[in-house]
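# A closer look at the structure
Chain by chain, the residues run as shown.
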Amino acid sequence: MKPDTDQLLAYIERTVERTLTACTGCGKCFDVCPMTRYSDLLPGRPGGEVVAGVLDILRGKAGTPAAVEWTRLCTQSALCIPVCPEKIDPMLMLRLSRITALGSTGAQPLLPNPRRDPEFFRRINAFAKLQLSEAELDEWQR
Amino acid sequence: MSERVVFWYGCNAIRHGDIIHGASALLRAVGVESDPAGGPAYCCGTTEDGNLQSAAGMAANTIRKFNRSGRGTVVTWCPSCHRHMGTFMGGVASANFEVAHITQVLHARRHLLAPLLTQRVERKVVLHAHTGFHEVDANPLVADLLRLIPGLDLVVADYSAPGHMCSALVAVPAALKDAVRRNVELTVEHGTDTLVTVFHSCQRLLCGLATTDGVEVVNYVNLLTQAMGIAALPDEYAQWKNAGSDAEIMARVGPERIAKVGVKFFETQVLPELRRLPEK
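Now for a description of the structure that goes with this document. (Residues numbered from 1 in each chain as written. Chains lettered and ligands numbered in written order. Predicted model: local features only at pLDDT ≥ 70, side-chain atom pairs only at ≥ 80, totals over all residues.)

### Some points on the packing of helix H1 (residues 3-22) of chain A against helix H3 (residues 79-92) of chain B
Close contact between H1(A) and H3(B) brings their axes to 7 Å; oriented N to C, the two are set at 130°. As summarised for this structure, H1(A) and H3(B) are arranged oblique, according to the angle between their axes. In this structure, H1(A) uses Asp4(A), Gln7(A), Leu8(A) and Tyr11(A) to contact H3(B), whose residues at the interface are Phe88(B), Gly91(B) and Val92(B). Grouping the amino acids of the contact of H1(A) with H3(B) by side-chain chemistry returns four nonpolar, two polar and one charged. (Axes fitted to C-alpha atoms, helices over the stretch in contact; angles between N-to-C directions. Helix = DSSP H or I, 4+ residues; strand = E, 2+ residues; numbered from the N terminus. Parallel < 35°, antiparallel > 145°, perpendicular 65-115°, else oblique. Contact = placed C-beta atoms within 7 Å. Nonpolar A, V, L, I, M, F, W, Y, C, P; charged D, E, K, R; others polar.)

What follows is the structure, encoded as structure tokens:
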């Protein structure tokens, strides 16, 4: 493991720990989420129950299907942040849940981890070549 | 903020060379000289949640490059990069620079910008807004900047799409369709045919509305440079997307530029993206 990766894992661990300590599982973040209506599994669920499942994922456990689904659906709308009475960042909590659910921290994967499109960066470079001069490519992109 | 900064435009914004050039011109106009930096070599790593070794490497590499630049401030364009810098990237490596979003920089210096906006832009436009960029409340900042443009009739509707920009919704296609549909409805309700985007991915994913719904999608940067009378570069990405056929796209890009990226790569990787139009 490279030191940079160790640093990132340590940051994730610290932030997860802080979240687990501060979150009371009130579920207000879930209740205001604009994305739950895009799931058959989530509407009408008690917020506290779903959040408890997310905290379970952060502990490296299986969570619940609803918690995994909510994790998958988060599009970083940020409406959850101002309603949190504990002033934690529920959007960051869900990002950490996603990272954990992908198996990136060593926990059992709960979400499929699609490989990045191998052409993702090549396409970006192609559009750069189409629109920037050689000098700009040299100075700005390298 | 020091007067010479890094302008970190991120990865995907480079699909819109006009925005990068226009944003640099706006910074210069308010007294901020910038060294643009972006593309994969300056990736923040936010797309790498499934591969932390890659995420950490990208984050550390980018922060160290900025540290070596000697610039005291990095001005961000992309809300994902800005967010990632404020969270995970800062956990990987120490930064010896401040971070500000371009909307903050332009807004704070709008008294310098206002006298330069001398050209009337007689258009009614609806601001395309998202809820999610909580680190910087960019929507009202951009609205304030647009209100400086003489002749521009700006509508700030009471609808903001979920997510921090349209690309966040791609993973939930029904949500993206809802956002597209609602934005088209807003243009009809307010009697206009123009949406103004704040971020590049909204520009990328919505600009095809010119073809599907007769709605022109313009980034706020291009309205400001137009009002300054700068001979801005055209929004070629939108032109290509609305060209109508593969043959017309290729004619507009031109054989010389296609050769730069390779004909096969252009046909298999670039054309399919340009063919895709917004759905609602």
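Alright, that's what it looks like, and here's the rest.
### Concerning the sheet that holds strand S6 (residues 152-155) of chain B
All names here are of chain B. The four strands are arranged S6-S5-S7-S8 in an open sheet whose pairing can be described as parallel. Each edge of the open sheet carries a strand with a single partner, namely S6 and strand S8 (216-219). Averaged over neighbouring strand pairs, the angle between their axes works out to 35° when direction is ignored. The sheet contact formed by strand S5 (residues 123-127) and strand S7 (residues 194-197) spans two bridges and is parallel. Across the sheet, Leu 127 pairs through a bridge with Val 196, a residue of S7. Sitting on the sheet, helix H10 (residues 220-228) touches S6, S7 and S8, and the angle it makes with S8 is about 75°. (Pairing = 2+ DSSP bridges.)

### What about the sheet that holds strand S1 (residues 4-10) of chain B?
Residue and element names in this part refer to chain B. Overall, parallel pairing links the four strands, which are arranged S2-S1-S3-S4 in an open sheet. Whereas interior strands pair on both sides, the edge strands pair on one side only; in this sheet they are strand S2 (33-38) and strand S4 (98-101). Mean inter-strand twist for the sheet, computed between neighbouring axes without regard to direction, equals 30°. Here S1 pairs with S2 via six bridges, running parallel. When the bridges of S2 are listed, Val 6 appears paired with Asp 35. Across the face of the sheet, helix H1 (residues 17-29) comes into contact with S1, S2 and strand S3 (73-76) while running at roughly 155° to S2.

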